[in-house]
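In case you want the letters, here they are:
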Amino acid sequence: MSAAAPASGPRPLPGRPPLSILMYHQVGEFTAPRNHRAGYCHVHRFRTQMAFLARAGYRVLSLDAAIAGLFGDGELPPRGVVLSFDDGYRNFREHALPVLQHYGFPAAVYMISGLVGGRAEWLGADGRDTPPMLSASELRELRQAGITVGSHTVSHPRLSRLAADAVARELRDSKAQLEDLLGEAVPHFCYPYGDYSPSVRDAVIDAGYRSALSCIRGAANTADNVYELPRKAISYGDNLLGYWWKLAMKNARKDRRGGY
Ligand SMILES: [Zn+2]
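Calculation criteria
Residues numbered from 1 in each chain as written. Predicted model: local features only at pLDDT ≥ 70, side-chain atom pairs only at ≥ 80, totals over all residues. Heavy atoms only, no water. UniProt positions renumbered as here; feature names shortened; annotations may be inferred. Salt bridge = Lys/Arg side-chain N within 4 Å of Asp/Glu carboxyl O. Helix = DSSP H or I, 4+ residues; strand = E, 2+ residues; numbered from the N terminus. Buried < 20%, exposed > 50% of the residue type's maximum accessible area, 1.4 Å probe, protein only. Disulfide = S-S within 2.5 Å. Donors = N, O, S within 2.8 Å, 3.2 Å for Na, K, Ca; no water.

- In the annotation of an unreviewed UniProt entry, the entry for the chain reads Polysaccharide deacetylase, and the organism field reads Plasticicumulans acidivorans.
- Looking at the chain in UniProt, the text filed under Subcellular location (unreviewed entry) is "Secreted".

**Observations regarding the pattern of salt bridges**
Piece 1. With the rule as written, the count across this model stands at 12 salt bridges.
Piece 2. Across the salt bridge formed by aspartate 224 and arginine 253, the nearest N and O atoms sit 3.5 Å from each other. Placement of aspartate 224 in the loop between strand 9 (211-217) and strand 10 (229-233) and of arginine 253 in the segment after helix 8 (240-248) is noted, with a sequence separation of 29 residues between them.
Piece 3. For aspartate 238, the salt bridge is made with lysine 246, and the minimal N-O distance between the two is 2.7 Å. An identical accessibility class is assigned to aspartate 238 and lysine 246; each is buried.

**With respect to unusual backbone geometry**
Piece 1. Despite not being glycine, threonine 153 shows a phi value in the positive range, around 75°.
Piece 2. For threonine 153, a relative accessible area of 0% corresponds to the buried category.
Piece 3. Residues other than glycine seldom take positive phi values, yet tyrosine 193 does so here, at roughly 60°.
Piece 4. Inspection of the secondary structure puts tyrosine 193 in the loop between strand 8 (188-190) and helix 7 (198-206).

**Digging into the state of the cysteines**
Piece 1. Enumeration according to the criterion identifies zero disulfides in this entry.
Piece 2. In this model cysteine 190 remains outside any disulfide bridge; the closest cysteine sulfur is found in cysteine 215, 6.5 Å from its own.
Piece 3. Given the relative accessible area of 4%, cysteine 215 is considered buried.

**A few points about the coordination of the zinc ion**
Metal coordination angles have textbook ideals: 109.5 degrees for a tetrahedral set of four donors and 90 or 180 degrees for an octahedral set of six.
Piece 1. Around the zinc ion, the protein contributes the donor atoms Asp87 (OD), His152 (NE2) and His156 (NE2), at 2.1 to 2.2 Å from the metal centre.
Piece 2. Along the chain, the residues donating to the zinc ion are arranged with the sequence spacing D-x64-H-x3-H.
Piece 3. Taking the relative accessible area as the measure of exposure, histidine 152 reaches 1% and is therefore buried.
Piece 4. Judged by relative accessible area, which is 6%, histidine 156 ranks as buried.

And the structure:
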């Protein structure tokens with residue numbers, strides 16, 4: 001964010017340790033993609049990464065625990081990690097969930113509410129495969145398993161390019177649809193492509209969300225506020241050294257608002 005844009009919502013409390021919110025998309029068995037490499041994580045690498053987190057003393061936190069630790073009176077461990085999965089692909093349930101359950105790791109899945117039980121049609125426009133998305137019953141099953149389900153809009157648009165009323169619909173309708181489906185509040189949001197503007201961020205607040213994940217790079221304790229939380233994208237090509245490097249060293253803030 002530029003200095004000209006006033007921060008909205010609470011800022012992280014001073015002295016909080018770096019916390020890495022990792023960004024994943026699909027987890028499965030893929031051949032090496034030529035581009036969009038942050039869109040894919042091979043399940044073998046994913047298993048190795050989760051084993052590393054467990055062995056190296058990282059503490060995987062739920063998003064709620066991380067937010068309480070950053071912005072409220074919760075405690076943050078020195079090596080805290082949050083695992084976030086964008087879009088709501090069915091391969092999360094097939095490939096990522098069993099590994100997460102093996103280690104007892106919490107995670108957050110951000111669902112595109114208009115594609116529940118459908119396919120990732122917006123990827124097709126880019127010439128990519130259109131994998132199946134989670135169904136309503138699968139999303140309920142994930143909640144039963146303790147996975148946080150957040151909103152990733154109704155149709156995955158670039159929100160900064162939409163008129164204000166269309167932005168409000170994407171934010172409010174996705175929240176209402178997921179709340180109907182799950183029978184509980186859906187307080188967490190994630191910007192498609194990490195794309196937003198100050199007015200989009202304010203619309204997220206107006207729609208009643210309590211947090212939003214961006215694609216600003218860096219550790220989460222560098223956030224301007226709880227509606228612009230930075231993340232670290234995990235790429236198909238990250239070997240374990242690269243993974244550790246992102247976790248331990250890539251904490252400085254590097255702003256960007258789009259691209260995934
Ligand atoms: Zn997305």
